[in-house]
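Analysis of the macromolecular model
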Amino acid sequence: MSKTRKLYVKSFGCQMNVYDSHRMADAMAREGYVETDRPDEADVLVLNTCHIRETAAEKVYSELGRLRRLKEKAAGDGKRMLVAVTGCVAQAEGTEIVRRAPVVDLVIGPQSIHRLPELVARAQQGETVIDTEFPVEDKFEHLAPPSRVATRARGVTAFVTVQEGCDKFCTFCVVPYTRGVEVSRPVEKIVAEVALLAEAGVREVTLIGQNVNAYHGLKPDGTSSSLAGLLERLAELEGIARLRYTTSHPRDMREDLIAAHRDLPKLMPNLHLPVQSGSDRVLEAMNRRHGRDEYLSIIERVRVVRPDIAISSDFIVGFPGETEEDFSATLDLVERVGFAQAYTFKYSPRPGTPAATMSQVPDAVKAERLLRLQALIDAHQRKFNAAYLGDTLDVLFEKPGRIAGLLVGRSPYVQPVQVTAPADLIGTIAPVRIVEVGPSLSAELISPVRPHVLRPAVLAAAGGA
Ligand code: 5AD
Ligand code: SF4
C-alpha cells in the first residue's frame, strides 16, 4: 500500500532562508513529498537554520531535542523519520552537529540545498550525510522553479533571491563565511521566475540578497545589470504592482538606485539600509567602510527624490569597545534620520569572526543600551505612523485578519494595515482611509471600492494580458 510521504520544514532567521525553504519543498514535491505543518506526521524533517547570533544557533539545538523525542516515538511505532539540518548552522558547524545531536541524519550547507532529494535518498540507505561543500556550482541553476500550486498557496507577496553572499567582511558577521562570496543571478532567470509568480497571483515581489544593492547579474547581451536596471526590467511585467528590495549596504547605494526611487512608480517608497552604529570609531572597528556623515548624506539624497520614503535599519549595541560616547552618537543618528522602523541587536560574538576576540562589553551594559535605543526607535516609529492618521493610502490586501471580516495588507511604507473588507479584495490594491494608528494601522475602505490592480482571473475575463 503506497502512502504519501510528508515533509516538514521549519525556517529560522532571514528571508533568504524562507525562500530556500520554499525551494527545498518544491524540489521534494517533485519526488512526491507533500508539505505538512505537523512534525509528528512527517517522514523528513528539515530545520533550515540561522547562525547570525548565538541565540539563533542555540534555538536549533533546543528544536533538535524536541525532534529527538518525536523520532524515538515514531521508531517505536515502526516508522523511520529523517532529520536534516540545513542553512548557516549546517555550514558553520558541519559534523559537530551530528556529534552534539545524533538525532540528525543530514547536514546540508546553503550551497547544496538543491541536492536535498538525492541526499535524502542516500540517508534512507542508512548513511549519515554531511554536505557542506563550498563553494560549488551555482545552486540557483539547479533549484526547481517555483511551482504554481505552491506559489498560489503562499499568497500575493513573494520573496525572490537575486543575489547571495557577501564580500564585505564586517568584523562581527558570519555571513561571508556561511554564505560565501557575492554571487548575482542572471537577469533573465529572475524575470522568468517573477513572471511565473505574477501568473500565479503574486502582486508584490521583494528582491532579496545579503547585499542586494551590490547586484550585478548578467544581461542577455553579456554586460551586467545593476539592481536599478533589474528593477526597471521587472517593472515591465504587468501583473507585478509593487517592487521592493532588501538588504542594502550603504557602500553600494549607487545613484541609479536612488534615481529609481524617483523614476519607477512600482518601486515602493521604503529603504532598509543597516547602519549598525552612529559612531565613526565603531563603524571603523566594524569594517563597515563608511562613516556616519556618508550615511546621513545617502539618506539626504534619497529624500530629495522621494521625501516620503520610509527608512529602516539594523543596529548593534555593545560592539567590542563601544563607549557611552559612541552609543550617544548612535542615539543622535537615530534622532537625525527619524527611522520608520529598525531592528536592534545586542552584539553576539561569533566564533571565527575578528570581533569575537576583541575586548567585550559587559552584557548588563549591552542590555541597558538596547532598551534605550529600542525606546527611541519605538517613539520614532509611532511618530512616523501617526503622521498618516486621516490620510488615504493604497493597501495591497494579503490575507484574512485574525478577526472575521478583517483583511490585513500593507501600505506602500510596509506598515501592516487592518481593514474591514470583503475577502475577494485579497490580491488587489485599493485606497483606504487611516482611522487608527499604533504599531500597525487600522483603516476603512473608501467606497465605492475601485481596486487599482485586478486579480488574474478578472484580467483574463476582461481579455487583459
Ligand atoms: N551580533 C549581533 N547582531 C548581528 N548582526 C549580524 N551579526 C551580528 C552579531 N554578531 C545583525 C546586524 C545585521 C543583522 C542581519 O544582524 O545588524 O544587519
Ligand atoms: Fe554581514 Fe557586513 Fe556582509 Fe552585511 S555587509 S552580510 S553585516 S559582512
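First, a word on what this report is: a plain description of the structure on this page. (Residues numbered from 1 in each chain as written. Chains lettered and ligands numbered in written order. Predicted model: local features only at pLDDT ≥ 70, side-chain atom pairs only at ≥ 80, totals over all residues. Heavy atoms only, no water.)

Concerning the site of ligand 2
- Taken together, the neighbourhood of ligand 2 is formed by Cys166, Lys168, Phe169, Cys170, Phe172, Cys173, Val175, Pro176, Asn211, His249 and Arg288.
- Taken together, the residues of the shell around ligand 2 break down into seven nonpolar, two polar and two charged. (Near = heavy atom within 4 Å. Nonpolar A, V, L, I, M, F, W, Y, C, P; charged D, E, K, R; others polar.)

Examining the sheet that holds strand β15 (residues 392-400)
- Spatial strand order, β15-β16-β17-β19-β18: five strands in a closed barrel with mixed pairing. Within this sheet the neighbouring strands show an average axis-to-axis angle of 55 degrees, counted without direction.
- Bridging between strand β16 (residues 406-410) and strand β17 (residues 416-420) involves five bridges; their strand directions are antiparallel. The residue of β17 that forms the bridge with Arg410 is Pro416. (Pairing = 2+ DSSP bridges. Helix = DSSP H or I, 4+ residues; strand = E, 2+ residues; numbered from the N terminus. Axes fitted to C-alpha atoms, helices over the stretch in contact; angles between N-to-C directions.)

With respect to the pattern of salt bridges
- Applying the stated criterion to the full structure yields 36 salt bridges.
- With a closest N to O distance of 3.4 Å, Glu204 and Arg242 form a salt bridge. Residue Glu204 is found in strand β10 (residues 204-208), and its partner Arg242 is found in strand β11 (residues 242-246); the two are separated by 38 residues along the sequence.
- Because the salt bridges share partners, they merge into one network encompassing Glu322, Glu324, Glu368, Arg369 and Arg372. (Salt bridge = Lys/Arg side-chain N within 4 Å of Asp/Glu carboxyl O.)

Describing helix α9 (residues 187-199)
- Here α9 spans 18 Å end to end across 13 residues, near enough to the 18 Å set by a 1.5 Å rise per residue.
- Within α9, the full set of buried residues consists of Val187, Ile190, Val191, Glu193, Val194, Leu196, Leu197 and Ala198.
- The positive-phi residue at the C-terminal boundary of α9 is Gly201, with phi of around 110 degrees. (Expected span 1.5 Å × (residues − 1). Buried < 20%, exposed > 50% of the residue type's maximum accessible area, 1.4 Å probe, protein only.)

A look at the site of ligand 1
- In the region of ligand 1, the neighbouring residues are Ile52, Arg53, Phe172, Gln276, Asp314, Ile316, Phe345, Lys346, Tyr347, Ser348 and Arg350.
- Here an oxygen atom of ligand 1 and a side-chain polar atom of Asp314 are 2.6 Å apart.
- In the model, a nitrogen atom of ligand 1 is placed 2.8 Å from a nitrogen or oxygen of the Ser348 main chain.
- Protein burial of ligand 1: of its 400 Å² of free accessible surface, 86% is covered by the chains.
- Of the residues that constitute the shell around ligand 1, the class distribution is five nonpolar, two polar and four charged. (Polar contact = N/O pair within 3.5 Å; in protein donor to acceptor, adjacent residues only side chain to side chain. Areas by Shrake-Rupley, 256 points an atom, 1.4 Å probe, with all protein chains shown as cover.)

Quick word on the side chain of Ser226
- Mapped onto the elements, Ser226 comes out in the loop between β10 and α10 (227-234).
- Residues contacting Ser226, with those up to four places away along its chain left out, are Tyr215, Arg254 and Asp256. (Contact = heavy atoms within 4.5 Å.)

The quantities given are spatial measurements derived from coordinates; they are silent on function.
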